[in-house]
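Here is what each chain is made of, one letter per residue.
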Amino acid sequence: MLGIVFTSLIDMLEEKVSPEFADDVIMEAELENDGAYTAVGYYPFEQMQRLVGVLVERTGKSANELLYDFGFYLFGKLGAVHGDVLANTDGMLNMLEHLDGDIHVQVKKLYPDADLPRFKVLSRTDTTMRLQYYSERELYPLAEGLMDAAAVYYNCTLERETHQLKTPHTYEFSISVVV
């Protein structure tokens, strides 16, 4: 998993709670690298699972709630670091439509080892989209948080339904954008 995801999670914990809380979560997770992450590094997904597990215990929130909150926060971090990628899209649905074809291609150039989720547009109108999401990591709540934060970025309101499909690790997002 990309280092920027880990560094952003630690940043969120420090900003939203405290640096001491972030340190306690890292120590409790008993990570092999003691939480020493770089934004350009690549780290085992299991470390993220451990961190989220500790956060579930400490906050009482579900893993899905925590992943959603983190996805919302992460969009701001990614937008700040990779604003040039977002600048090439002129709206929420256009950005989603170009995730795999443009945005993820650019991410792969920067992070060749990235194991990114796959997005496939199933249908699209000016204000709606059906989007298929696939990731063996089951991080669809993180994707939902990213989408909702993107809606804020694009100054629109997003209505979304998420459905798990019969195909393992695959979800469908039915999205409507209200301007």
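Per an unreviewed UniProt entry, the protein goes by the name 2,4-dihydroxyhept-2-ene-1,7-dioic acid aldolase and belongs to Alteromonas portus.

With 15 residues, helix 3 (residues 45-59) should reach 21 Å at 1.5 Å per residue; the first-to-last C-alpha distance of 21 Å fits that figure. All buried positions along helix 3 are accounted for by Phe45, Gln47, Met48, Leu51, Val52, Val54 and Leu55. Tucked into the core, helix 3 has its buried residues touching helix 1 (3-16), helix 2 (19-29) and helix 4 (63-81). Looking at the residues trailing helix 3, positive phi occurs at Gly60, about 80°.

A few words on the sheet that holds strand 4 (residues 170-178). Across the sheet, which stays open at both edges, the 4 strands sit in the order 1-2-4-3 with antiparallel pairing between neighbours. If you trace the sheet from one side to the other, it starts and ends with strand 1 (118-124) and strand 3 (157-164), each paired once. Taking the axes of each pair of neighbouring strands and ignoring which way they run, one obtains an average angle of 25° across the sheet. Bridge count between strand 3 and strand 4: 8 bridges; the pairing is antiparallel. Bridge pairing in strand 4 places Leu158 opposite Val177. Packing of helix 8 (residues 140-153) onto the sheet brings it into contact with strand 2 (128-134), strand 3 and strand 4, and relative to strand 3 it is tilted by some 165°.

Turning next to the pairing of strand 2. Sheet topology note: the strand 1/strand 2 ladder contains 6 bridges and is antiparallel. If you follow Val121 over to strand 2, its bridge partner there is Leu131. Two elements, strand 2 and strand 4, share 7 bridges in a ladder whose sense is antiparallel. By the bridge assignment, Leu131 is partnered in strand 4 with Phe173.

Conventions adopted
Position numbers for residues count from 1 along each chain, tracking the sequence in the order it is written. Since the coordinates come from a predicted model, pLDDT governs what is reported: local features require at least 70, and pairs of side-chain atoms require 80 or more to be given and counted, while whole-chain, interface and lining totals use all residues. In computing side-chain properties, one takes all heavy atoms of the structure into account and sets aside hydrogens as well as water. Comment: elements are numbered from the N terminus, with helices defined as DSSP H or I runs of at least four residues and strands as E runs of at least two. Under the convention used throughout, the expected extent of a helix is 1.5 Å for every residue step, that is, one less than its residue count. Think of it in three bands: with a 1.4 Å probe and only protein chains considered, a residue is buried below 20% of the maximum accessible area for its type, exposed above 50%, and partly exposed in between. The contact rule is simple, with two residues in contact once any of their heavy atoms fall within 4.5 Å. Strand pairing requires that DSSP identify at least two bridges connecting the strands. Lines fitted to the C-alpha atoms define the axes, with helices restricted to the stretch that makes contact. Angles between their N-to-C directions range from 0 to 180 degrees.

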